[in-house]
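Now for the letters of each chain:
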Amino acid sequence: MNRAVPDIAVVAVAADTAVSRSLHRFLVDAGLPPVEDAGSADVAVVVISQAAVDDPGWQERVGACRGARVVPVRVDGVRSSRAPERLRPVNWVSLDPASPVTAFGTVLAAALSDPRHVRELRNLRAQAEAWTRGERSPERLIGDHRQAAEAHELLTLLREDGYIDTSGPVGDFVAASYRATGKQRRRRRRRRTVGTVFAAAMALVVAVTLPRILKTRGTDFNALVSFGDPAVSRVMPEWTSLQSASLLLRGNAHQKALARQTLASLLSLPWSLGGPVTGIGGHDATVDGLALLPGGGQAALLLRNVPDGVDSLGLYDVHEGAVRWQLRLGTGYADIAAGGDGRTVVAVGKTGTAVVDLASRTVRRFAHVESGLAVTRMTRQGDIVVGRAHQLVVGSARDGAFRTVGPHYDTLVDVQPTADGGARALVAVAPGRYRLLDAVTGAVLAGTDAPAPIIAAGAVAPDEVSAVYTGADRQLWRLAPGRAPAATGVAVPERTETVGLLRGGRVVVGGQDQPTRVVRLADGGDLGTVCGDMPQLKILAMSPYGDQVGCWGPYATTLWQAPPGPLPPDTALPAGGLRTGATANGPTAAVGADGGSVVVQSSGQHAFTLRLFTDPVAAVALSPDGSQLVAATSRGEVAVASLRMTDGVARVVASWRIPGGQPVVAVGWSGTSPLATSGDGLLWQVPSCPGCTTDQGLVARLKARLNGCWIPRQLQNVDAATRRTVDAHACRPLPRPTTPVEG
């Protein structure tokens, strides 16, 4: 898979070369080789000295690290008041020349801190800014006490950590939300903080693992994986799971136990589907276009071969992670789009228009050219829609006739094919003046004149006549025909650049300075993450045929399956419905709640207690075969556990929470899928790990979840037997482009 470890950059001046080189060697030995571009890094280690603070180039590089977690390292007696303002409130690491490893270990601990904390703080800052701009209206506060309490605890934790700046209006926003929601819910006790202070935990991790990392140079985090470090595991779940499978299949008893725990905790998480690797074997190419095909198993790629600049169309296999073949198109193509039949792909550009039949690999060419911006889409009816910089163009894949439609606009925000067989576009005819267009006829369906945001961003819904756009108040607004624009309450950072809409009112929001999240427009509930392996997301490629999302960055392209929303209202419930009680009986076991734990009595075995929550269990249900249970609390927390794995130990294999802060009122099973009903009556399929009750089941589940290929460095510590067992294969060179049959 073409995903790297989190990028770390070292920012230093020439006078501090000795320190920066030592730090560079240390990070390489720890499996984190630094990158050159600090502006694109996830973590920036800033070496601060008397010479550095007076260097304009150093100051400029520090200023470019706006989206990174900054770890300042002081190498001499420079005063904090001389440093750039954003570095002053952040904890500094002081380097002792006599013992640099101590400081370097602290740097590693800070760099590996949970990235979810950074993401959550950025989201809170966006909400706080929207609250401030709205004159601190109570309606813009966090409405759920649990979420407000977690935000309060997060700020407390980060202030103790000290490596992330928590200043600004976010503190006032969280405090006001906590007070307001606390008055409404006094009957519920404040949630206790779970776990220990992160700084102490990471110091322990570094103290225990660092010597072993340094003894095993070049192990690429194998030492950390074997010790079960959660920060690394959740940043790289696929790679960590592969390493854990190797330990499970060939490790000693202790390693196998840790591998079971690691796999059990990761196999229910959202993962990347991988992406095309185009630089293997000396035949290189860049991905200039991506079209997701129906079914989700394949994608069409517009590949620009290096160094001749000739464009080709490639067919990419998502599971194998390989481009099966390439057809040479020529030069100057700008974008591609796929039809609903799964076999037609159109490419447009300055040398003409090409319609490719994927089944026969034939090409029909038309004279129509696009010399500038040409965002291309194809409807289910076969219409080709091209979004130019300032005008929509519609053509036919049958005869190649094109025409301009609709009004002239200032910015093309989004254009997408829709489930009704047509296509719609969201444009800005002037800053803040949004129009929703029928992209085939050019008719204006809805419009609004609103205060202009810094960056125009928005998306068209695939399953209804509506769109969303970012407002100047840093939240998403909904635009639909016959209705006034409506605020959704979904806060976004000021410089949000990428937005996409999925079926069922799910919005994908991302950008260069925040992780990409999938959120329910109805209540702002966080459904999960996509594009987690894309630190600098540039473009979202939405599939018109499903929930697949393409994540396009400056250096790579990956695919993700978007997390689902609630199940449809007509979903059939299992026989007997869902359970609302805190006890359950099955064919091989009986369970009963005891506070936040469950007591499990298996047939012929001693009873044991399994801790699940800090709050009392409100509902529990056993799977039909009695091997797993699903339990939930009235606060919306849900856990799935395997009751007895190969080593006889019960483990939690999935932890989840109802999006939007709703409580859980009932749980149950539909086959191997756990279900939960929320307080608002919605039915949810709980993330789970079916079959994860034995070592064989863990390995089988991993094999089913792994997609794509792996570069050699990622496989160097995975034995051949493990590779064969889970079908982890090395990336292959791109096939040579062939000349298509002209049809």
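See the structure shown above.
Thresholds, definitions, all that
- Residues numbered from 1 in each chain as written.
- Predicted model: local features only at pLDDT ≥ 70, side-chain atom pairs only at ≥ 80, totals over all residues.
- Heavy atoms only, no water.
- Helix = DSSP H or I, 4+ residues; strand = E, 2+ residues; numbered from the N terminus.
- Contact = heavy atoms within 4.5 Å.
- Areas by Shrake-Rupley, 256 points an atom, 1.4 Å probe, with all protein chains shown as cover.
- Disulfide = S-S within 2.5 Å.
- Buried < 20%, exposed > 50% of the residue type's maximum accessible area, 1.4 Å probe, protein only.
- Phe/Tyr/Trp six-rings, centres within 6.5 Å; stacked < 30°, edge-to-face > 60°.
- Lys NZ or Arg CZ within 6 Å of the ring centre and 35° of its normal.
- Salt bridge = Lys/Arg side-chain N within 4 Å of Asp/Glu carboxyl O.
- Expected span 1.5 Å × (residues − 1).
- Pairing = 2+ DSSP bridges.
- Axes fitted to C-alpha atoms, helices over the stretch in contact; angles between N-to-C directions.
- Polar contact = N/O pair within 3.5 Å; in protein donor to acceptor, adjacent residues only side chain to side chain.
- Parallel < 35°, antiparallel > 145°, perpendicular 65-115°, else oblique.
- Left-handed = near helix turned anticlockwise from the far one by under 90°.
- Nonpolar A, V, L, I, M, F, W, Y, C, P; charged D, E, K, R; others polar.

Description of the overall build of the chain
Now for step 1: Along the chain, the regular secondary structure elements total 15 helices and 43 strands.
Now for step 2: Look at the contacts in the chain between residues 6 or more apart in sequence, and 53% of them connect residues 24 or more apart.
Now for step 3: Accessible surface, the chain as shown: approximately 29,900 Å² in total, 51% of it carbon and sulfur.

Quick word on the state of the cysteines
Now for step 1: Using the criterion set out here, one finds 3 disulfides in the structure.
Now for step 2: Bridging Cys689 to Cys692, the disulfide has an S-S length of 1.7 Å. Between Cys689 and Cys692 the sulfur-sulfur dihedral comes to about -50°; the bridge is accordingly left-handed. Here Cys689 matches Cys692 in class, with each residue buried.
Now for step 3: Taken in N- to C-terminal order, the disulfide-linked cysteines of the chain are connected 1-2, 3-4, 5-6.

Thoughts on the packing of aromatic side chains
Now for step 1: Evaluated as defined, the whole model comprises 2 aromatic pairs.
Now for step 2: Here Arg705 stacks its cationic end above the ring of Trp271, 4.4 Å away from the centre of that ring.

Remarks on the pattern of salt bridges
Now for step 1: All chains considered together, the criterion is met by 23 salt bridges.
Now for step 2: Here Asp317 and Arg324 are joined by a salt bridge, their closest N and O atoms 2.4 Å apart.
Now for step 3: Residue classification places Asp317 among the buried positions, given a relative accessible area of 8%.
Now for step 4: What makes Arg324 partly exposed here is its relative accessible area of 47%.
Now for step 5: One salt-bridge network, held together by shared partners, links Arg260, Asp647, Arg651 and Asp695.

Let's talk about helix 1 (residues 17–29)
Now for step 1: The end-to-end C-alpha distance of helix 1 is 18 Å, a good match for the 18 Å that 13 residues give at a rise of 1.5 Å each.
Now for step 2: Within the sequence span of helix 1, burial applies to Val19, Ser20, Leu23, Phe26, Leu27 and Asp29.

Some details on the sheet that holds strand 40 (residues 664–670)
Now for step 1: The antiparallel open sheet is built from 3 strands, whose spatial order is 40-41-42. What marks the edges here is a single partner per strand, and that holds for strand 40 and strand 42 (683–685). Strand-to-strand, the axes of this sheet are offset by a mean angle of 25°, without reference to chain direction.
Now for step 2: Where strand 40 meets strand 41 (residues 673–678), 6 bridges bridge the pair, whose relative direction is antiparallel. Note on strand 41: the bridge partner recorded for Trp669 is Pro674.

Thoughts on the environment of Gln416
Now for step 1: Along the chain, the position of Gln416 falls in strand 17 (residues 411–417).
Now for step 2: Between the C-alpha atom of Gln416 and that of Gly387, which follows or precedes it by 29 residues, the distance is 9.9 Å.
Now for step 3: If we skip the residues at most four places from it in the chain, Gln416 touches Arg377, Ala423, Arg424, Val460 and Met542.
Now for step 4: A polar side-chain atom of Gln416 sits 3.1 Å from a polar atom in the side chain of Asp414.

As for unusual backbone geometry
Now for step 1: Note the cis peptide between Val306 and Pro307, where omega equals 10°.
Now for step 2: Within the secondary structure, Pro307 sits in the loop between strand 6 (298–305) and strand 7 (311–317).
Now for step 3: The phi angle at Arg361 is positive, at roughly 60°, despite the residue not being glycine.
Now for step 4: With respect to the element layout, Arg361 can be found in the loop between strand 11 (352–357) and strand 12 (362–366).

Some details on the packing of helix 11 (residues 237–250) against helix 12 (residues 253–266)
Now for step 1: Packing of helix 11 against helix 12 brings their axes to within 8 Å, and their N-to-C directions diverge by 150°. The orientation of helix 11 relative to helix 12 falls into the category roughly antiparallel. Crossing hand, helix 11 versus helix 12: left-handed. Listed contacts from helix 12 to Pro237, Thr240, Ser241, Ser244, Ala245, Leu247 and Leu248 of helix 11 are Gln255, Lys256, Ala259, Arg260, Thr262, Leu263 and Leu266.
Now for step 2: Here the contact of helix 11 with helix 12 is composed, by residue class, of 7 nonpolar, 5 polar and 2 charged.

As for the side chain of Asp357
Now for step 1: Checked against the element boundaries, Asp357 lands in strand 11.
Now for step 2: A polar contact of 2.9 Å, which involves the side chain of Asp357, links it to the backbone nitrogen of Ala359.
Now for step 3: Contacts of Asp357, omitting those with residues within four sequence positions, involve Arg343 and Thr362.

That is the geometry; function is a separate question.
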